[in-house]
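Working through the structure, step by step
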Amino acid sequence: MLGSRVDVTDVRLPRFPVFLPMASCPRRCVYCHQGEITGEGGVPPASVKESLARLETPHEICYFGGSFTCLPEEQRGAYLDAVRSAPDGSVVRFSTHPLCVAGPVLRGLSTHPVSMIELGVSSLDDTVLAACNRGYTGEFALGVMDLVMREGYRLGVQLMTGLPGQSEESSLEDLRRIALLRDRAGAPAVSLRIYPCLVLEKTGLSEMFRRGDYSAPSLDHAVLHAGRMLREAKRLGFLVQRVGLHDTPSLSTNVVAGPYHPAFGELARSVELVACLLEANPAGPWEIDGRRRSMLFGHDRYGLRHLADRTGLSPSRIEELIRFKEVMTGRRGTNDVPGD
Ligand code: SF4
């Protein structure tokens, strides 16, 4: 079934991101204003082609920020054809909305080296999806994921935390449902991105927030939520590509409320590390890969303080109970894949 699909199990190409903010989105999600996040407008296919022709090594071309498969066929084809200008061995991935994925659209991609299709799913909880104006149910989104996997494409799923009406348990249940689907489809690894919901200017959510119909979670609460999701995601065998939004000056100046932090992902990874340590040994001592030192001592010792909170031990006692193991290989941590 893979045919021209790229087996990307080991794709580790440098990325060439192209942002197409809100391009052809079928509806406006309540929290979204992509232009505010990226601070960019769309790039026409001819400009992409020119830039790609100047690359000297193969890249993974990433069309992010809109609903790629909802673009008019001609425009979508032009963006895909532009990839042919990149050096041989280059591949393409894109993000899209679940409402824009159907069998014929997927089959139309078969002559292109598609490395991954990322679905912006947000949640599988019907109440949350309705509150966010996503336009589909959790069952529908699962059906689309199933289709992507069964057509032989590598699947990426983008989930969010802190959405209107969403609980931590509902997020964890989303992960379990996706893992079950993946296992039934016999698909290889599924990649995840986990984004915290922020209240941005000029969005429906900012109106809800100002009316008092939505309260944004605190940074601490959101980091714990994302950290627990990360732990569950890894336990279920997902590859987690990113936790937290890519920080830009435009994003930080447009946040009205919500758990904005430029190192949100690192804080969540600290929570995940602490969960792993406590599962291995609730009271210590702990041996930790030296490359993860910053997850305990970075950001004003966030991880260390969290471990102290969880155990009731003092930070100085925790330090006595930790031994860092220096690893001599140049390899990344087991669950890390190149982020963007
Ligand atoms: S969240 Fe995604 S699908 Fe929704 S409006 Fe924004 S870019 Fe479009």
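Not measured: the values here are computed from a predicted model. (Residues numbered from 1 in each chain as written. Predicted model: local features only at pLDDT ≥ 70, side-chain atom pairs only at ≥ 80, totals over all residues. Heavy atoms only, no water.)

**Focus on the overall build of the chain**
Short version of the rule: A run of DSSP states H or I qualifies as a helix once it reaches four residues; a run of E qualifies as a strand once it reaches two. Both are numbered from the N-terminal end. With the radius of gyration taken over C-alpha atoms, the globule rule is written as 2.2 Å times the number of residues to the power 0.38. When a residue's accessible area, from a 1.4 Å probe over protein chains only, is under 20% of the maximum for its type it is buried; when over 50% it is exposed; and in between it is partly exposed. Note on contacts: a residue pair is in contact if any heavy atoms of the two residues lie within 4.5 Å. This count recognises Lys and Arg as positive and Asp and Glu as negative, with His and chain-terminal groups excluded. Charge positions are represented by NZ for Lys, CZ for Arg, CG for Asp and CD for Glu.
A count of helices and strands for the chain gives 13 helices and 11 strands. A compact globule built from 340 residues would reach a C-alpha radius of gyration of about 20 Å, and the chain, at 21 Å, matches this within 12%. The C-alpha extent of the chain, read off along each of the three principal axes, is 65 × 55 × 40 Å. Burial analysis of the chain (340 residues in total) assigns 52% to the buried set. Taking as baseline every contact in the chain between residues at least 6 positions apart, the subset at least 24 positions apart corresponds to 78%. Looking at charge distribution, the chain has the averaged site of its 39 positive side-chain charges lying 2 Å from that of its 40 negative ones.

**Describing the domain arrangement of the chain**
Rule in force here: What fixes the domain bounds is an automatic or database domain assignment. By definition here, a salt bridge exists when the distance from a side-chain nitrogen of Lys or Arg to a carboxyl oxygen of Asp or Glu is within 4 Å. Side-chain atoms alone can form a polar contact between residues adjacent in sequence; in general such a contact is a pair of N or O atoms within 3.5 Å, and within protein one must be able to donate a hydrogen while the other accepts it. Note that Gly is not counted as nonpolar here; it falls among the polar residues with everything else outside the nonpolar set of Ala, Val, Leu, Ile, Met, Phe, Trp, Tyr, Cys and Pro and the charged set of Asp, Glu, Lys and Arg.
Domain annotation for the chain reports domain 1 (15-260) and domain 2 (274-325). Taking the mean C-alpha position of each, domain 1 and domain 2 sit 33 Å from one another. With 4 residues of domain 1 in contact, the opposing surface of domain 2 contributes 5 residues. Our count for the domain 1 to domain 2 interface comes out at 1 salt bridge. Between Glu 279 and Arg 231 there is a salt bridge, with the nearest N and O atoms lying 2.8 Å from each other. Applying the counting rule to domain 1 against domain 2 returns 1 residue pair in polar contact (both at pLDDT 80 or more). Of the residues belonging to the side of domain 1 that touches domain 2, the class tally is 2 nonpolar, no polar and 2 charged.

**Topic: the sheet that holds strand S8 (residues 239-243)**
We count it as follows: For two strands to be treated as a pair, DSSP must find at least two bridges joining them. Lines are fitted to the C-alpha atoms to define the axes, a helix being fitted only along its stretch in contact, and any angle between axes, read from their N-to-C directions, falls within 0 to 180 degrees.
The strand order S1-S2-S3-S4-S5-S6-S8 describes an open sheet built from 7 strands, whose pairing is parallel. On the outer flanks of this sheet lie strand S1 (15-19) and S8, each paired with one strand and no other. Averaged over all neighbouring strand pairs, the angle between strand axes comes to 20°, with direction disregarded. In this sheet, strand S3 (residues 91-96) lies alongside strand S2 (residues 60-64) in parallel orientation, the contact comprising 4 bridges.

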